[in-house]
Amino acid sequence: MSLTPKQVVDMIVEHDVKFVDLRFMDFLGMWQHLTIPAWRLEEESFERGQGFDGSSIRGWQAINESDMLIVPDPDTAFIDPFTEAKTLCLICDVRDPITHEEYVRDARNVAKRAERYLRESGLADVAYFGPEAEFFVFDEIRYDSGTNFSFYHVDSVEGTWNSGEPTVFGERNLGYKARPKEGYFPVPPTDSLLDLRNEMCEILEHLGIQVDLHHHEVASGGQCEIDFRYQPLVRCGDVLAMFKYVVKGTARRHGKAATFMPKPLFGDNGNGMHCHMSLWKDGRPLFAGDRYAGLSEMALHAIGGILKHARAVCAWTNPTTNSYKRLVPGFEAPVNLAYSHRNRSAAIRIPMYDPSPKAKRIEFRCPDGSCNPYFAFSALLMAALDGIENKIDPGPALEKDIYDLPPEELAEIPSAPTSLDEALTALEQDHDFLVKGEVFTEELIRAWIDYKRTNEVQPLRLRPHPYEFYLYHDI
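S.K.: Sorry, what's going on with the packing of helix α4 (residues 194-206) against helix α5 (residues 233-253) here?
M.R.: For any two helices packed against each other, one specifies the crossing angle of their axes together with the interaxial distance. Look at α4 against α5: their axes get within 10 Å of each other, and the N-to-C directions meet at 135°. Classed by the angle they form, the pair α4 and α5 counts as oblique. Along this stretch, α4 crosses α5, giving a crossing that reads as right-handed. On the side of α4, the interface is formed by Leu196, Glu199, Met200, Ile203 and Leu204, while α5 contributes Phe243, Val246, Val247, Thr250, Ala251 and Arg253. The residue inventory of the contact of α4 with α5, partitioned by class, reads eight nonpolar, one polar and two charged.

Rendered as structure tokens:
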């Protein structure tokens, strides 16, 4: 339902709102906010915007061009489920305060340009995305790093590593710990997080986010998944930000910490975010047809585009150094760039649960929840459109289990990057498909690569790793 600025202002009176929270996503994908008294929000605020200092936001303007505007989108209004004082939240776009034009590094603006490019192409009028964002719920997280030390420690009442402890977090140990890779998906008491996930889902539904299902995930130590109904690109980015906020806030309410970090545990599964995608036009699904696995020729060309550009796309969908602790060949994540129906060892899968043409979609299985969703979904869309526009043949489907292939066959299948630096190099070499229609810009892509290398790749490269002491201390 579309809301007008007047309707949002009326909501303030109707719900006795005390504060308005203006939210926007930073360069890396974290929600930022500032709060104003409710009386300050007027209908004109949705054009005038609110000024702020952009120089303090990671990856954004230099100090000499720091003044920026956030302009609220009335369609995104919702009542915050966690604040003590009644607070209305609005998701905002970032604009230049002088020209009032879209700020090119604002990811939500990139997603809007991607949707415009799709419509202008005439190929489709809407791209739907359905991410499956996995997360851990821990009972304790500690970490630090200095000149002469470095450590992290996570703990969970569910953790299999606690099976021999007499007490766990002050209570008698009664067992019921999921063994490594056996958390998918036993009933309580082994699944101790059912009530917590139910509460998360109730809050999401109250906010208008339709939940499809939820369950415990594969890993021991509190891994979970909640799936929400697919959405158009920009709206899906909004909803994923709201989803992560609800998951983290509900966990915090119960004295726990939720994390979407791709690989917080060694030796067990990490957090992925499989992305389902389909294109529609005039209310008609375009990926359904009579080709392989019930796909259309358009869908196969979209797959061809994603596979061709997948290594560069990973710089957006798997944008952290930790992402590549999960993208490991032969372990858990589909790193080999192939497609198949049903086969979960392929990077692109065609789900076969539902024969309805409306359910026909493709699923890119590499991404994880550390991404900025607006960037990630936009990059996926642009890769798919490049495949459609250039009729890129994805080649034959792979029906075998990739992990069981002999080395000579496996060597012929391209693979995802093995590190963030490798993904950034791929993006440097392959990004023409992203700058079509100025959806992404050369300046934005260069800024992303430079920021990631300077602030993430290089600092990690400079620091000794605790495991290196195990390997090398006695040399």
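S.K.: What's the story with the side chain of Lys256 in this structure? I'm lost.
M.R.: Along the chain, the position of Lys256 falls in the loop between α5 and β15 (257-259). At a separation of 2.6 Å, a polar atom in the side chain of Lys256 contacts the side chain of Asp139. Sequence-distant contacts of Lys256, that is, excluding residues within four places in its chain, are made with Val137, Phe138, Asp139, Leu193, Leu196 and Ala251.

S.K.: Help me out: how do you make sense of the side chain of Ser45 in this one?
M.R.: You can see Ser45 is positioned in helix α2 (residues 45-48). Ser45 has contacts with Arg40 and Pro72, leaving out every residue within four places of it along the chain.

S.K.: Could you clarify how one ought to interpret the pairing of strand β3 (residues 50-53) in this entry?
M.R.: One face of the sheet, then the other: side chains in a regular strand alternate in exactly this way. Burial of the side chains of β3 is restricted to one face: Gln50 and Phe52 are buried, whereas none of Gly51 and Asp53 on the reverse face is. Direction of pairing for β3 relative to strand β4 (residues 67-72): antiparallel, over a ladder of four bridges. Each residue of the ladder has a partner; that of Gly51, found in β4, is Leu69.

S.K.: Mind showing me how you'd approach the pattern of salt bridges here?
M.R.: Throughout the structure, instances matching the rule amount to 31 salt bridges. As a salt-bridge pair, Arg23 and Asp80 come within 2.6 Å of each other at their nearest N and O atoms. Taken together, the residues span a long stretch of sequence, with Arg23 in strand β1 (residues 19-25) and Asp80 in the loop between β5 (78-79) and β6 (87-95) at a distance of 57 residues. A single burial state applies to Arg23 and to Asp80, both of which are buried. For Arg197, the salt bridge is made with Asp191, and the minimal N-O distance between the two is 2.7 Å. On the basis of relative accessibility, which here comes to 2%, the residue Arg197 falls in the buried class.

Rules and cut-offs
Residues numbered from 1 in each chain as written. Predicted model: local features only at pLDDT ≥ 70, side-chain atom pairs only at ≥ 80, totals over all residues. Heavy atoms only, no water. Axes fitted to C-alpha atoms, helices over the stretch in contact; angles between N-to-C directions. Helix = DSSP H or I, 4+ residues; strand = E, 2+ residues; numbered from the N terminus. Parallel < 35°, antiparallel > 145°, perpendicular 65-115°, else oblique. Left-handed = near helix turned anticlockwise from the far one by under 90°. Contact = heavy atoms within 4.5 Å. Nonpolar A, V, L, I, M, F, W, Y, C, P; charged D, E, K, R; others polar. Polar contact = N/O pair within 3.5 Å; in protein donor to acceptor, adjacent residues only side chain to side chain. Buried < 20%, exposed > 50% of the residue type's maximum accessible area, 1.4 Å probe, protein only. Pairing = 2+ DSSP bridges. Salt bridge = Lys/Arg side-chain N within 4 Å of Asp/Glu carboxyl O.

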